[in-house]
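Residues per chain are reported as follows:
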Amino acid sequence: MGEPFEPRIVAFLCNWCSYTGADNAGIARMKSPPEVLPIRVMCSGRVSPEMILRCFRAGADGVLVLGCHIGDCHYISGNHRTAKRIPLVQRLLSYVGINPERLRLDWVSSAEAPKFVQITNEFVQTIRSLGPIRQELGLPRMGGGR
C-alpha cells in the first residue's frame, strides 16, 4: 500500500513537430519522464475522441496530445480541428466522471525540445497529484502495486 503512484500516460505526438521535438530532447540528453508512452501520429488532427477514450479504458491515467503550433500544421488545418475537439472531449470526460485535467493539449515545434520536456514533466506532476484514475472512478486497485 505504501508504494508510490507511477502514472501511466499516453502521449500522441505529431510526426512533423512534437515527435521531432521529443527526438531532439533525447538527442540533447534532456531527461524526459519515463511514465510517458509516446505514440507517433501523422497529425494531431488524426487523434480522435475514440482513441483518447480507449486510452482511458485501457488504464491510462492521463492522455497528452501534442501538435504543431497553430498556423504551422503540415496538413493545413489539422491542429485547428484538434483545438476545437479537445475541449469537447474534456467536457465528455467530466460528464462520465473523469477529471478533464487528465487530458491536455499543447503545441510543441521540432525546435522546442526543452518545451517538450517541460510539458511532459508538468503533466506527470498533474496526474500524480490527481492520483490513479481507478481511484477517481471508485474502482478497486489492480494487482502489481496499482
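What counts as what
- Residues numbered from 1 in each chain as written.
- Predicted model: local features only at pLDDT ≥ 70, side-chain atom pairs only at ≥ 80, totals over all residues.
- Heavy atoms only, no water.
- Buried < 20%, exposed > 50% of the residue type's maximum accessible area, 1.4 Å probe, protein only.
- Helix = DSSP H or I, 4+ residues; strand = E, 2+ residues; numbered from the N terminus.
- Pairing = 2+ DSSP bridges.
- Arc of directions from axis to C-beta.
- Contact = heavy atoms within 4.5 Å.
- Axes fitted to C-alpha atoms, helices over the stretch in contact; angles between N-to-C directions.
- Patch = residues over 30% accessible without salt bridge, like charges linked within 9 Å, V, L, I, M, F, W, Y side chains within 5 Å.
- Areas by Shrake-Rupley, 256 points an atom, 1.4 Å probe, with all protein chains shown as cover.
- Salt bridge = Lys/Arg side-chain N within 4 Å of Asp/Glu carboxyl O.

Taking burial as the measure, the six residues of strand 1 (residues 9-14) include six buried ones, the bulk of the element. With burial as the criterion, each face of strand 1 is covered, one bearing I9, A11 and L13 and the other bearing V10, F12 and C14. The pairing of strand 1 with strand 2 (residues 36-41) spans six bridges and is parallel. When the sheet's bridge partners are listed, F12 is paired in strand 2 with I39.

Here we take up helix 2 (residues 49-57). Among the residues of helix 2, I52, C55 and F56 are the ones counted as buried. Taken end-on, helix 2 shows its buried residues confined to a sector of 95°, consistent with a single buried face. Facing away from the buried side of helix 2 by over 90 degrees, the exposed positions are E50, R54 and R57. Buried residues along helix 2 sit in contact with strand 1, strand 3 (62-67), helix 3 (78-95), strand 4 (103-107) and helix 5 (133-136). Taken from the residues just after helix 2, G59 is the one with a positive phi, measuring 110°.

On to the sheet that holds strand 4, then. Read from one edge of the open sheet, four strands run 2-1-3-4, paired in parallel fashion. The sheet terminates laterally at strand 2 and strand 4, the two strands that pair on one side only. Taking each pair of neighbouring strands and ignoring which way they run, the sheet shows an average axis angle of 20°. Sheet analysis places strand 3 next to strand 4, joined by five bridges and oriented parallel. When the sheet's bridge partners are listed, V65 is paired in strand 4 with L105. The strands that helix 3 touches are strand 3 and strand 4; relative to strand 4, the one it contacts most, it runs at about 160°.

Taken together, the side chains of L53, L92, Y95 and V96 define a hydrophobic patch exposed on the protein surface, amounting to about 400 Å² of accessible area. We classify L53 as partly exposed; its relative accessible area is 30%.

Another aspect to go through is the pattern of salt bridges. Applying the stated criterion to the full structure yields five salt bridges. Among the ionic pairs, R128 bridges to E35, the shortest N-O distance being 2.7 Å. With R128 in helix 4 (residues 113-130) and E35 in the loop between helix 1 (18-27) and strand 2, this residue pair connects regions lying 93 residues apart in the sequence. Assessed through its relative accessible area of 14%, E35 is described here as buried. Residue R104 is joined to E122 by a salt bridge in which the shortest nitrogen-to-oxygen separation is 3.3 Å. Here R104, found in strand 4, pairs with E122, found in helix 4; they are 18 residues apart in sequence, far enough to count as distant. A single salt-bridge network, built from bridges that share partners, covers E6, E35 and R128.

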